[in-house]
Amino acid sequence: MSRVHFQPRHLCLAAATALATLSASAVHAQAQPPIKVGLMLPATGTFAALGTAIENGFKQYVAEQGGKLSGREIQYFKVDDESDPAKATDNVNKLIKRDNVDVIVGTVHSGVALAMARAAKESNTMLIVPNAGADAITGPLCAPNIIRSSFSNWQPGFATGVLAAQKGYKRAMTITWNYAAGNETVKGFTEAFEKGGGKVLKELTLPFPNVEFQALLTEIASQKPDVVFAFFAGGGAVKFVKDYDAAGLRRTIPLVGSGFLTDGTLAAQGASAQGLLTTLHYADGLDTPRDTAFRTRYATTYKLQPDVYAVQGYDAAQILASGLAAVKGDFKQRDAMVAAMRKVNVDSPRGKFTLSAAHNPVQDFYVREVKGEQNLRTGVAVKVLPDPARGCKM
Ligand code: BEZ
């Protein structure tokens, strides 16, 4: 066996090589520019509070990682999309073409998100959708560079249809804004409710973000269905629930909804919301260590109770982090990064969930009942519900 005898000059050489390697990697780490995250969310209008909660949740997860993901600083670029589909293409192009962001996180409104998905597809920009449920995003518009951390509109509609049928209601009316989120949520509700033996008598709509409900409430009162299903969110949900109560309908015709009707809105809805039943992929009273830690930190940082929107923002950051970890922060390895994101088992405050082949959460939908300022979990309407992803070819 030959033996290597180190001479002093060998040791000097080895030390010099080690030093060179060390300083090269230090330079490499320093040279890594920040990851540019474009936040396209509503800061004004009926969904403004939802946008704030998503941003808070996203930033909370980054802060929990020490302010960096896989060693890379995060630089934010912000656009207020005003929940206005007419301005959506111009707004998203500010992030894609002017700011040259690596990834876009947005948005709340389905109509705006549809334009964002088209622009992201065209430019191959990474897009993580932290709320907007437009079915097409994980349907015909699905793409390797588009991932959703929230839900598809069909999902909470379907889960509420299951609940309403289980309650034994037979004749329903629906009421919503006439745009993708409202119409698709109603479709999901109708599918499950009619499968369960019910019948939707009439679909009532008004334009987004109109809140003049009076004429439609009068029609509900005259038709006297067994149950009313509603999709509204944010400021519109506050006004609808209060008007429904003021019209004397809460005591005579049960109102159910996807949980956006009462999420982040209860302080403003007060007594008018008490006892309402909804379904959603998040609830108060989950009482798991993961959720409790999330909520405690959120309340301490923002002096607010978190809601479903905060959770979806938090999970958008978790999904991004899992992709970056797989490529050690090298955003240019996009295929490997997306493959890792696609396989992630997200340890969410809502409960663990996976992503479908179309990149939409496969998750439980809780039954929630309003008590005070909480949407308390009382059961599960549908366990591990996947979106049908109709029309997705990837
Ligand atoms: C939507 O437009 O997709 C949406 C807006 C608010 C809450 C839920 C969905």
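Q: What am I meant to see in the packing of helix 2 (residues 48-64) against helix 10 (residues 289-302) here?
A: When two helices pack together, you describe them by how their axes are tilted relative to each other and by the distance separating the axes. Packing of helix 2 against helix 10 leaves a shortest axis separation of 11 Å and a crossing angle of 110°. Considering the angle they form, helix 2 stands roughly perpendicular to helix 10. The segment helix 2 lies against helix 10, with Ala53, Asn56, Gly57, Lys59, Gln60, Ala63 and Glu64 engaging Phe294, Arg297, Tyr298 and Tyr302.

Q: Where do I start with the side chain of Asn131 in this structure?
A: Along the chain, Asn131 falls in the loop between strand 5 (126-129) and strand 6 (146-148). With a relative accessible area of 5%, Asn131 lands in the buried category. A polar side-chain atom of Asn131 sits 2.9 Å from a polar atom in the side chain of Gln312. Each residue touching Asn131, except ones within four places of it in the same chain, is listed here: Ile54, Thr107, Val108, Ser150, Phe151, Phe260, Tyr309 and Gln312.

Q: I'm lost on the pairing of strand 13 (residues 351-355) in this one. Help?
A: Regular strands show a simple pattern: their side chains alternate between the two faces of the sheet. The sheet contact formed by strand 12 (residues 346-348) and strand 13 spans three bridges and is antiparallel. When the bridges of strand 13 are listed, Ser348 appears paired with Gly351. Following strand 12, the chain reverses through two residues before pairing antiparallel with strand 13. Relative to strand 14 (residues 361-371), strand 13 is paired through two bridges, and the arrangement is antiparallel. Paired with Thr354 across the bridge in strand 14 is Val362. The antiparallel hairpin formed by strand 13 and strand 14 contains five residues in its connecting segment, where His359 sits at a positive phi of about 75°.

Q: What should I look at first to understand the pattern of salt bridges in this one?
A: Where charged atoms from two side chains of opposite charge approach closely, those side chains can pair. According to the stated counting rule, one finds 20 salt bridges in the structure shown. Across the pair Arg295 and Asp284 runs a salt bridge whose closest N-O atoms are separated by 2.7 Å. One end of the pair, Arg295, is in helix 10; the other, Asp284, is in the loop between strand 11 (277-280) and helix 10, and eleven residues separate them in sequence. When sorted by exposure, Arg295 lands in the same class as Asp284, which is buried. Among the ionic pairs, Asp347 bridges to Arg290, the shortest N-O distance being 3.6 Å. Here Asp347, found in strand 12, pairs with Arg290, found in helix 10; they are 57 residues apart in sequence, far enough to count as distant. On the accessibility criterion, Asp347 (33% relative accessible area) is partly exposed. Among the residues examined, Arg290 registers a relative accessible area of 24% and is labelled partly exposed.

Q: What's the story with the state of the cysteines in this structure? I'm lost.
A: Working definition of a disulfide: a covalent bond connecting the sulfur atoms of two cysteines. A full pass over the atoms with the stated rule returns one disulfide. With its sulfur 2.2 Å from that of its partner, Cys142 forms a disulfide with Cys392. Where Cys142 bonds to Cys392 through sulfur, the torsion about that S-S bond is close to 90°, and the disulfide is right-handed. Placement of Cys142 in the loop between strand 5 and strand 6 and of Cys392 in the segment after strand 15 (374-385) is noted, with a sequence separation of 250 residues between them. Residue classification places Cys142 among the buried residues on the basis of a relative accessible area of 3%.

Q: How do you make sense of the environment of Val238 when you look at a structure like this?
A: Tracing the chain through its elements places Val238 in helix 8 (residues 234-246). Exposure remark for Val238: the relative accessible area of 18% places this residue in the buried category. A sequence separation of 27 residues divides Val238 from Thr265, and the C-alpha atoms of the two residues are 6.0 Å apart. Beyond its immediate stretch of four places on either side in the chain, Val238 contacts Thr265, Ala268 and Gln269.

Q: Help me out: how do you make sense of the site of the ligand in this one?
A: Of all residues adjacent to the ligand, which total 16 residues, the nearest are Val108, Ser110, Gly133, Tyr179 and Ala181. At 3.3 Å, a backbone N or O of Val108 approaches an oxygen atom of the ligand. Here the residues of the shell around the ligand are counted per class, giving eleven nonpolar, five polar and no charged. There are two domains that each give the shell around the ligand at least three residues, and those are domain 1 (35-151 + 286-359) and domain 2 (154-280).

Q: Would you mind showing me how to read the sheet that holds strand 1 (residues 35-41) here?
A: Hydrogen bonds along the backbone pair up the strands of a sheet, which may run parallel or antiparallel. One open sheet accounts for six strands, arranged 2-3-1-4-5-6; its pairing is mixed. Here the strands that pair on one side only, and so sit at the sheet edges, are strand 2 (68-69) and strand 6. Of the strand pairs in this sheet, strand 1 and strand 3 (residues 72-80) are connected by seven bridges, and their pairing is parallel. Looking at the pairing, Lys36 lines up with Gln75 of strand 3. The sheet strands contacting helix 12 (residues 334-343) are strand 5 and strand 6, and the helix crosses strand 5 at an angle near 20°.

Q: Just checking my understanding: could you explain helix 12 for this structure?
A: Since the α-helix turns once every 3.6 residues, residues separated by three or four places project in the same direction. Within helix 12 the residues assigned to the buried category are Arg334, Met337, Val338 and Met341. Along the axis of helix 12, the buried residues cluster in a sector spanning 95°; they form a single face. Structural note: helix 12 exposes Asp335 and Lys343 on the side pointing more than 90 degrees away from its buried face. Residues of helix 12 that are buried make contact with strand 5, strand 6, helix 11 (308-326) and strand 13.

Q: Just checking my understanding: could you explain helix 2 for this structure?
A: In a regular helix each residue adds 1.5 Å, so 17 residues correspond to 24 Å; helix 2 covers 25 Å between its end C-alpha atoms and thus fits that length. For helix 2, the tally of buried residues reaches twelve of 17 residues, placing the bulk of the element in the interior. Looking only at helix 2, the buried set comprises Ala48, Leu50, Gly51, Ala53, Ile54, Glu55, Asn56, Gly57, Phe58, Gln60, Tyr61 and Val62. The positive-phi residue at the C-terminal boundary of helix 2 is Gly66, with phi of around 85°.

Cut-off values and rules
- Residues numbered from 1 in each chain as written.
- Predicted model: local features only at pLDDT ≥ 70, side-chain atom pairs only at ≥ 80, totals over all residues.
- Heavy atoms only, no water.
- Axes fitted to C-alpha atoms, helices over the stretch in contact; angles between N-to-C directions.
- Helix = DSSP H or I, 4+ residues; strand = E, 2+ residues; numbered from the N terminus.
- Parallel < 35°, antiparallel > 145°, perpendicular 65-115°, else oblique.
- Contact = heavy atoms within 4.5 Å.
- Buried < 20%, exposed > 50% of the residue type's maximum accessible area, 1.4 Å probe, protein only.
- Polar contact = N/O pair within 3.5 Å; in protein donor to acceptor, adjacent residues only side chain to side chain.
- Pairing = 2+ DSSP bridges.
- Salt bridge = Lys/Arg side-chain N within 4 Å of Asp/Glu carboxyl O.
- Disulfide = S-S within 2.5 Å.
- Near = heavy atom within 4 Å.
- Nonpolar A, V, L, I, M, F, W, Y, C, P; charged D, E, K, R; others polar.
- Domains from an automatic or database assignment.
- Arc of directions from axis to C-beta.
- Expected span 1.5 Å × (residues − 1).

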